[in-house]
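One-letter residues, chain by chain:
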Amino acid sequence: MTLVWLGVRSTRLPLENRPAAVVMVFLFTLGMLVPVIVAGVTSSGLVTMGGTPVEDSVFDEIVTQVQDEAMLPGGAAGPTLDGIRLPIDYSGLERIDESVAAETMLQFAAQSSYLTDQNLTRDVVWTWDNPTCWPLRFFGPNVTVYGAVNAFSGKVIDFQIAWDYSHGSSPYWREYNGTDPMPKAEVEAHALEFLKNNNYTLDAHSRYLGPLVERGIQYVSQYVYKLRFFDIISEVLVWGNVIELDLDIETGEVVSFQYHWVFVSSISTLGSMSRGWAETLALNHLRVLNEPVASVESSVLLLIGIGSGDYRLTWVVSVDSERAGSVCLDAVTGEVLGVGYHMLASPILQSSPQRTLAPLWFFIPVVFLPSALTGLAAFRLAGRRVWKSLPESDEEPSPSESP
């Protein structure tokens, strides 16, 4: 299995009549998203999805065909007059009270042994209008806890612990030399127990990747076990549907959790253009912009929502170019939705073998910065580096990857 990055590396968006902040986050994070699980990329640039179907994993006992409470309502994506769409409208749904969401978040955080003595209090000023969730922040003597609760069901969808290192290292800071990771089966057992104890289920279309030993920027030098789930239907990646669990590498306790998922029952690709035609339109558009392009690197079908109130089927064509990274087009009409540009970053950042997406709500304060700063700021929040794949059992671990 090959881990491949979709090539949208962007901060500048020549778009009109679209919410700039929303599209900026989409195109930027597309190049940084959790490693897209692919079986490979053909010589012609076609991306084929890989990963382990969740029903073939240890998590098969919590697989569901119906919407989990943590998921946002969705439905079937099918042909319309404007293309292949999944209409999204939450205006008629009743939202839970913010105080109820805060209490739910506190109860969720209380299960963490690392927060037992923290006496968390809510930061009531730290909030913003979000139609689908209640973003929350809590302070303790040594920590800040970030969270988010589904505004309709009251289910926790984000949980992050940020330690104040002026008071010393976090309780799950671990020495790790890359030679003695916990066996894969044990890590997965801890993750499964967490999901079951909190009554989370996994969509039957999920693909599973993990666990990997990684270190993340929010942990400074700390290492965690990372498990990820993606939503892939008919070889179409549902953009934004990601579940992540970070586990203490010594105890297996969950230290970070994200469940971002819109329920999609099916995706029809009837009437969508061919990959070759999408690539032709993308290259023609870049020529109009006077962007020199050496070749097409890869092309992939995504179901995404870009501030228009619904999800649409799109082609994302990644190119080898000095400035442009990719072109996003409607998969039926060929409308160009955006162009992603390479962002400026240090060679160290650019050489990072994997990058992952911080919770979408984590980007909210960032997207209003000027675009050049936005890319760098969001990169600092979201950058991750993979260290090592885990062994299946107690067998000798594989050599670590170069940082």
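A few points on the structure. Per chain, residue numbering runs from 1 following the sequence as it is written. Side-chain atom pairs in this predicted model are given and counted only at pLDDT of 80 or more, local residue features only at pLDDT of at least 70, and totals for whole chains, interfaces and linings cover all residues. By convention in this description, side-chain values take in all heavy atoms of the structure and omit both hydrogens and water.

## Regarding the overall build of the protein chain
Thought 1: Tallying secondary structure elements over the protein chain gives six helices and 22 strands in all.
Thought 2: The proportion of buried residues among the 403 residues of the protein chain is 54%.
Thought 3: Any pair of residues with heavy atoms lying within 4.5 Å of one another is described as a contacting pair. The long-range fraction of contacts in the protein chain, counting pairs at least 24 apart against all pairs at least 6 apart in sequence, stands at 64%.
Thought 4: Areas reported as accessible are Shrake-Rupley estimates using a 1.4 Å probe. Residue values count occlusion only from the protein chains shown. As presented, the protein chain carries roughly 16,900 Å² of accessible surface, and 53% of it is formed by carbon and sulfur atoms. Secondary structure elements follow DSSP: runs of H or I of four or more residues count as helices, runs of E of two or more count as strands, with numbering from the N terminus. For each residue, the accessible area found with a 1.4 Å probe, counting protein chains only, is set against the maximum for its type, and the residue is called buried under 20%, exposed over 50%, and partly exposed in between.

## Quick look at the pairing of strand β14 (residues 223-233)
Thought 1: The element β14 is largely enclosed, with a buried count of 11 among its 11 residues.
Thought 2: Side chains Y223, Y225, L227, F229, D231 and I233 project from β14 onto one buried face, and the interleaved V224, K226, R228, F230 and I232 project onto a second face that is buried too.
Thought 3: Pairing between two strands requires that DSSP report at least two bridges joining them. Across nine bridges, β14 lies against strand β15 (residues 236-248) in antiparallel orientation. Looking at the pairing, I232 lines up with L237 of β15.
Thought 4: Between the end of β14 and the start of β15, which pair antiparallel, lie two residues, with S234 showing a positive phi angle near 55 degrees.

## Examining unusual backbone geometry
Thought 1: That bond from G210 to P211 is cis: its omega, -10 degrees, falls within 30 degrees of zero.
Thought 2: As for its placement among the helices and strands, P211 is situated in strand β13 (residues 206-216).
Thought 3: Its identity as a non-glycine residue notwithstanding, N119 has a phi of 50 degrees, on the positive side.
Thought 4: For N119, the position within the fold is in the loop between α2 (98-109) and β8 (121-122).
Thought 5: Of note, N199 is a non-glycine position whose phi angle comes to about 60 degrees, a positive value.
Thought 6: Along the chain, N199 turns up in the loop between α3 (184-197) and β12 (202-203).
Thought 7: Residue class for N199 comes out exposed when judged on its relative accessible area of 58%.

## Description of the nonpolar core
Thought 1: The criterion is simple. A nonpolar core is a set of buried Ala, Val, Leu, Ile, Met, Phe, Trp, Tyr and Cys residues joined through side-chain atoms within 4.5 Å. Residues F59, F159, L245 and F257 are the most contacted members of the largest nonpolar core, which totals 55 residues.
Thought 2: The contact partners of L245, leaving out residues within four places of it in the chain, are A191, F194, L195, Y225, K226, L227, F229, V254, S256 and F257.
Thought 3: Within the second largest apolar cluster, 30 residues are counted, among which are I88, V236, M273 and L313.

## Quick word on the pattern of salt bridges
Thought 1: Each reported salt bridge corresponds to a side-chain nitrogen of Lys or Arg within 4 Å of a carboxyl oxygen of Asp or Glu. Taken as a whole and assessed by the stated rule, the structure comprises 14 salt bridges.
Thought 2: The residue R207 makes a salt bridge to E235 at a minimum N-O spacing of 3.2 Å. Taken together, the residues span a long stretch of sequence, with R207 in strand β13 and E235 in the loop between β14 and β15 at a distance of 28 residues.
Thought 3: A network of salt bridges, in which partner residues are shared, links R85, D310, R312, D330 and E335.

## As for the pairing of strand β18 (residues 293-305)
Thought 1: Relative to β18, β15 is paired through two bridges, and the arrangement is parallel. In the strand pairing of β18, V238 is matched with L303.
Thought 2: Bridge count for β18 against strand β19 (residues 310-321) is 11 bridges, and the pairing is antiparallel. Paired with G305 across the bridge in β19 is Y311.

## Some details on α3
Thought 1: With 14 residues, α3 extends 20 Å between its outermost C-alpha atoms, agreeing within 8% with the 20 Å of an ideal straight helix rising 1.5 Å per residue.
Thought 2: All of the buried residues in α3 are K184, V187, E188, A191, L192, F194 and L195. The buried residues of α3 occupy an angular sector of 160 degrees when the element is viewed end-on, so they sit on one face.
Thought 3: One or two positions beyond α3, positive phi appears at N199, with a value near 60 degrees. Here the expected span of a helix is defined as 1.5 Å times the quantity of residues minus one. The arc in question is the one spanned by the directions pointing from the helix axis to the C-beta atoms.

## Brief notes about the packing of aromatic side chains
Thought 1: Note on aromatic pairs: the rings of Phe, Tyr and Trp (six-membered ring only in Trp) are paired at centre separations within 6.5 Å, and the planes decide the class, stacked below 30 degrees, edge-to-face beyond 60, tilted for the rest. Under the counting rule described, the total for this entry stands at 13 aromatic pairs.
Thought 2: Ring centres of F108 and F159 lie 5.4 Å apart, and the angle between their planes is 70 degrees; this geometry places the pair in the edge-to-face category. Taken together, the residues span a long stretch of sequence, with F108 in helix α2 and F159 in strand β11 (residues 156-163) at a distance of 51 residues. In this pair, the class of F108 matches that of F159, namely buried.
Thought 3: An aromatic cluster of three or more residues is present, and its members are F108, F159, F194, Y200, F257 and Y259.
Thought 4: By definition here, charges over rings are those cases where NZ of Lys or CZ of Arg is within 6 Å of the ring centre and within 35 degrees of the ring normal. Against the face of W134 rests R95, its NZ or CZ located 4.3 Å from the ring centre.

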